[in-house]
Amino acid sequence: MASPAAASLRQHPLLGGGGGGATAPRRRACALGRKAAAAAVRCATTTEEEITRRITVKNGNDSLDICRVLNGMWQTSGGWGRIDRDDAVEAMLRYADAGLSTFDMADHYGPAEDLYGIFINRVRRERPPELLAEVRGLTKWVPPPVKMTSSYVRQNVDISRKRMDVPSLDMLQFHWWDYSNPGYLDALKHLADLEGEGKIKTVALTNFDTDRLHVVLENGIPIVSNQVQHSIVDMRPQRRMAELCQLSGVKLITYGTVMGGLLSEKFLDTNVSIPFAGPPLNTPSLQKYKRVNGRRVGGWSLFQSLLQTLKRVASKHGVSMSTVAVRYILDQTAVAGSMVGVRLGLAEHIVDCNAVFSLALDEEDVGSINEVSRKGRDLLEIIGDCGDEYRR
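Just so it is clear, the model here is predicted, and its values are computed rather than measured.

**Quick word on the state of the cysteines**
- Per the stated rule, a full pass over the model turns up zero disulfides.
- The structure places no disulfide on C67, whose sulfur is separated from the nearest cysteine sulfur, that of C353, by 8.6 Å.
- Residue classification places C67 among the buried positions, given a relative accessible area of 0%.

**Here we look at the pairing of strand 2 (residues 62-67)**
- As defined by bridge partners, strand 1 (residues 54-59) adjoins strand 2 across six bridges and the pair is classed as antiparallel. When the bridges of strand 2 are listed, I55 appears paired with I66.
- Counting the residues in the hairpin turn of strand 1 and strand 2 gives two residues, including G60, whose phi is positive at 65°.

**Things to note about helix 6 (residues 150-164)**
- Its 15 residues place the ends of helix 6 21 Å apart at the C-alpha level, agreeing with the 21 Å of an ideal helix rising 1.5 Å per residue.
- Buried residues of helix 6: V153, N156, V157, S160, R161 and M164, and no others. For helix 6, the buried positions fall inside an angular range of 145° around the axis, keeping them on one side. Relative to its buried face, helix 6 has exposed residues pointing more than 90 degrees away, namely S151 and K162.

**Topic: the pairing of strand 3 (residues 69-72)**
- Where burial is concerned, the two faces of strand 3 agree: the one with V69 and N71 and the one with L70 and G72 are both buried.
- Pairing of strand 3 with strand 10 (residues 335-341), which is carried by four bridges, proceeds in the parallel orientation. Among the inter-strand pairings, G72 is bridged to a residue of strand 10, identified as G341.
- In the sheet, strand 3 pairs with strand 4 (residues 102-104) via two bridges, with the strands oriented parallel.

**Quick notes on the packing of helix 6 against helix 7 (residues 183-197)**
- Where helix 6 meets helix 7, the closest approach of the two axes is 9 Å, and the angle between their N-to-C directions is 60°. One element, helix 6, and the other, helix 7, form an angle in the oblique class. The two elements helix 6 and helix 7 cross, and the hand of that crossing is right-handed. The residues of helix 7 that touch helix 6, namely those facing S150, V153, R154 and V157, are A187, H190, L191, L194 and E197.
- Partitioning the contact of helix 6 with helix 7 into residue classes produces five nonpolar, two polar and two charged.

**Describing helix 8 (residues 210-218)**
- Among the nine residues in helix 8, nine count as buried, and that is most of the element.
- Buried within helix 8 we find T210, D211, R212, L213, H214, V215, V216, L217 and E218.
- Where helix 8 begins, the capping side chain belongs to D209, and its oxygen is found 3.4 Å from the backbone nitrogen of D211.
- Where helix 8 ends, the next residue or the one after it, G220, has phi of about 75°, a positive value.

**Quick look at the nonpolar core**
- Judged by nonpolar contacts, the single largest core of 97 residues is most densely connected at Y116, F119, F174, Y184, L188, L191 and I223.
- With eight residues, helix 11 (residues 299-317) is the largest single contributor of residues to this core.
- When residues no more than four places from it in sequence are discounted, the contact partners of I223 are N59, L188, V203, A204, L205, L213, V216, L217 and V250.
- One finds L64, L70, Y255 and A336 within the second-largest nonpolar core, a separate group that totals twelve residues.

What counts and what doesn't
Residues numbered from 1 in each chain as written. Predicted model: local features only at pLDDT ≥ 70, side-chain atom pairs only at ≥ 80, totals over all residues. Heavy atoms only, no water. Disulfide = S-S within 2.5 Å. Buried < 20%, exposed > 50% of the residue type's maximum accessible area, 1.4 Å probe, protein only. Pairing = 2+ DSSP bridges. Helix = DSSP H or I, 4+ residues; strand = E, 2+ residues; numbered from the N terminus. Expected span 1.5 Å × (residues − 1). Arc of directions from axis to C-beta. Axes fitted to C-alpha atoms, helices over the stretch in contact; angles between N-to-C directions. Parallel < 35°, antiparallel > 145°, perpendicular 65-115°, else oblique. Left-handed = near helix turned anticlockwise from the far one by under 90°. Contact = heavy atoms within 4.5 Å. Nonpolar A, V, L, I, M, F, W, Y, C, P; charged D, E, K, R; others polar. Polar contact = N/O pair within 3.5 Å; in protein donor to acceptor, adjacent residues only side chain to side chain. Core = buried A, V, L, I, M, F, W, Y, C linked by side-chain atoms within 4.5 Å.

Okay, here's the thing in structure tokens:
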């Protein structure tokens, strides 16, 4: 049976009618891009509902409530400093105690799923049931392009369930490397079957583009969210993806929202394009987003203009620049939550993350950020749609 999202898409004049392949959705999605282009850096008005701490992502009968600021655990995979297991779990407990109780990880993020398993058992033993009821563990599955049989999919889901020590995964976010291989639909249908068995609570995507999200929904697979790169610098999700999400009810979970820490006071009035002239780019995330900024956005001078604008807005509200950057993206169309990476046991951003929930950007704030953001290059033209940076 088709999901409610699929039925809604068929009724829409831009997206309706047949097609399980990629060519027809591409033509229809182009209309979305033209219609939404003028709103690429528009920020929605912050309402009381949007500023709340938790939100529910859903599709049909499948739903999950999450904290809108998620703790990203890519930083446990190596390259950010040595992670001590006990210190990391203690840090996870501090985040959860502070209300930041949704953790995002992946099968390939080093010990992330194992750390979550230790953490959730500590919560079961040492914290009240109310906190346990709020904790969420979202993971990703990034398989090689092999044949997606039911047994293969089940085996990999069971591995994550065992590592995370949970009977049912709160959310399984699926990534696929090569769209020319249609095996992603087989994998997702098997994942939907496992959701029906209770081994997964919600099925989601990560780094899927607009065309393929449409294909997935047209095949009746109940997707609740798509995790994509999205920041003040990278507004691609608002160009095509957001309108499809509005039509279907699928939400966006964003990463790269603070660009690995580049959108912070640490890099204001510095020049990292000159060797040894600025703070060291000593983590994989800083190096990644420096490349995005340098080659694709408009260079360090324009980036400094953005940082100066963020600083003015942050000083006005008495918060950090990173807090402003996260709030701005949370206010965008279809965005359910934004990721902030956690270097567990090495650094903490609990105060800045919690400040997001009491920050309301006014029209002046949004206008000033929009003005400098528009000066950057068109990343949709340079990189492509959401996730295309992983397939070129």
